[in-house]
Amino acid sequence: MDILRLKPVLKDYIWGGERLKNDFGFESDLDKVAEGWMLSCHKDGKNTVVGGEYDGQTLDSIIEKFGKEKIVGTRSLDFPYFPVLIKLIDAKDNLSIQVHPDNEYAQRVEGEFGKTEIWYVLDATDDAQLVYGFKNEITSDEFKAAIENNTLMDVLNSVKVKKGDLFFIEAGTVHAIGKGTLIAEIQQNSNSTYRVYDYGRVGADGKPRELHVKKAVDVSVTKPPKYDIKPMGEPVDNDDYISTLLTDCDLFTVNHYDVKNQISLNTDEKSFNHILVVDGCGKINDKEFKKGDSFFVPANFGNYEIFGKCEIIITKI
């Protein structure tokens, strides 16, 4: 099977902006494009293939046809579902304060798996901030009281951010992306989100958006974050490209490559590669690409070459 080019699934949440259309070239009639789902087999949005033998077919239907082990890789047998969901997120306004459940709680309550994720900051305004855990450890009762008394922002940890920062958002971490931030998000394949606080905003129906306070209190780890806000590895200059390990955990491994000329990569029987082009242009083998393109390289594909001047993020399991 050849490398598959994927069409993004676009979402128009109220906090979104226009950068995914204007900077990344996503075509849409939506006024706002908050998220582009770049690799998804989730029921709330499935990528389709663009061009080639499987044009117009969903990625999950192709995986079902050929078998998960063959297409996604032997590591996928550790997961009863397609393991990851990858997004581009344009926050023109603040996202709600929220938290995601872990696997045990999500399976029991929501019927799907939990959600641990990473954020890699692609761009940020000078005043951009994120909410990342708590300033100090508090009890669940104190957390609930802060929500009810409208003092939640006083106990949460706000962090000034810049391009190149990396946040590891473990399930149970209270968090929020702040306005002026453009992010690549790699996460478990889940859409379970508990909204805690939403700045009094209303949705498209004119009503306040639903909060999920009880569930949020159930699952939140009310402590300061335990991870640094930087990539796991240091940049390594390999002449033709600079590689940086963003994260390596039991759910996914993510690398950033600043390609100056070319790079040779491969997939083996263990895992696919997902290629997200976050800047520049070039070719993957004979396929031309530009900023905003998304490619699925099947497991056991072997060697492939990327030529050009570009920034890419590659995810595998």
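Residues numbered from 1 in each chain as written. Predicted model: local features only at pLDDT ≥ 70, side-chain atom pairs only at ≥ 80, totals over all residues. Heavy atoms only, no water.

Q: Please clarify how the overall build of the chain should be interpreted in this entry.
A: In terms of regular secondary structure, the chain is built from seven helices and 23 strands. For 317 residues, the compact-globule formula gives about 20 Å, and the C-alpha radius of gyration of the chain, at 19 Å, lands near that figure. Along the three orthogonal principal directions, the C-alpha set of the chain runs to about 60 × 40 × 40 Å. Out of the 317 residues belonging to the chain, those deemed buried represent 51%. In the chain, the proportion of contacts linking residues at least 24 apart, taken out of those at least 6 apart, comes to 73%. Of the roughly 14400 Å² of accessible surface on the chain, 45% is carried by carbon and sulfur atoms. (Helix = DSSP H or I, 4+ residues; strand = E, 2+ residues; numbered from the N terminus. Rg over C-alpha atoms; globule rule 2.2 N^0.38 Å. Buried < 20%, exposed > 50% of the residue type's maximum accessible area, 1.4 Å probe, protein only. Contact = heavy atoms within 4.5 Å. Areas by Shrake-Rupley, 256 points an atom, 1.4 Å probe, with all protein chains shown as cover.)

Q: Quick question: what am I supposed to make of helix α2 (residues 59-66) here?
A: Residues lying three or four places apart along an α-helix face the same way, a consequence of the helix completing one turn every 3.6 residues. Of all the positions in α2, only Leu59, Ile62 and Ile63 are classed as buried. An end-on view of α2 places all buried positions within 100° of arc, on one side of the element. Along α2, the residues that are exposed and aim more than 90 degrees away from the buried face are Glu64 and Lys65. Those residues of α2 hidden inside the fold are in contact with β1 (4-7), β3 (35-39), β4 (41-42), β6 (48-49), α3 (68-71) and β22 (294-297). Gly67 lies just past α2 and shows a positive phi near 105°. (Arc of directions from axis to C-beta.)

Q: Can you walk me through unusual backbone geometry in this structure?
A: Within the chain, Asn150 stands out as a residue other than glycine whose phi angle is a positive 60°. When you line up the elements, Asn150 lands in the loop between α5 (140-148) and α6 (152-155). Positive phi, normally seen in glycine, also occurs at Asn285, with a value near 50°. Along the chain, Asn285 falls in the loop between β20 (273-284) and β21 (287-290).

Q: Teacher, can you tell me more about the sheet that holds strand β14 (residues 181-188) here?
A: Strand pairing in a sheet relies on backbone hydrogen bonds. The paired strands run either parallel or antiparallel. The six strands are arranged β2-β3-β7-β14-β9-β12 in an open sheet whose pairing can be described as antiparallel. The open sheet has two edge strands with one neighbour each: β2 (9-11) and β12 (166-169). Averaged over neighbouring strand pairs, the angle between their axes works out to 20° when direction is ignored. Strand direction decides the pairing type here: strand β7 (residues 84-91) and β14, joined by eight bridges, are antiparallel. Residue pairing in the sheet places Val84 in a bridge with Gln188 of β14. (Pairing = 2+ DSSP bridges. Axes fitted to C-alpha atoms, helices over the stretch in contact; angles between N-to-C directions.)

Q: Explanation requested: α5 in the structure shown.
A: Within α5, burial applies to Phe143, Ala146 and Ile147. End-on view of α5: buried residues confined to an arc of 100°, all on one side of the axis. More than 90 degrees from the buried face of α5, the exposed residues found are Asp141 and Glu148. Contacts made by the buried residues of α5 are with β10 (129-134), α6, β15 (194-197) and α7 (213-219). One or two positions beyond α5, positive phi appears at Asn150, with a value near 60°.

Q: Looking at this structure, how should I read the environment of Phe66?
A: Of note, Phe66 is situated in helix α2. For Phe66, a relative accessible area of 29% corresponds to the partly exposed category. A C-alpha to C-alpha distance of 30 Å links Phe66 and Glu27, two positions 39 residues apart in sequence. Non-local contacts of Phe66, meaning those with residues more than four positions away in its chain, are made with Met1, Tyr54 and Ile71.

Q: In this structure, what is going on with the nonpolar core? I would like to understand it.
A: Side chains that are nonpolar tend, in soluble globular proteins, to be buried together. Counting residues in each nonpolar core, the largest one holds 41 residues, and the members touching the most others are Leu39, Phe82, Leu88, Leu122, Phe296 and Ile313. Of all elements in the fold, only β1, β3, α2, β7, β9 (117-124), β12, β14 and β20 reach the threshold of two or more residues within this core. Excluding residues that lie within four positions of it along the chain, Phe82 makes contacts with Leu39, Cys41, Ile63, Val72, Asn189, Phe272 and Phe296. Listed in part, the 18 residues of the second largest apolar core include Tyr105, Ile138, Leu152 and Ala176. (Core = buried A, V, L, I, M, F, W, Y, C linked by side-chain atoms within 4.5 Å.)

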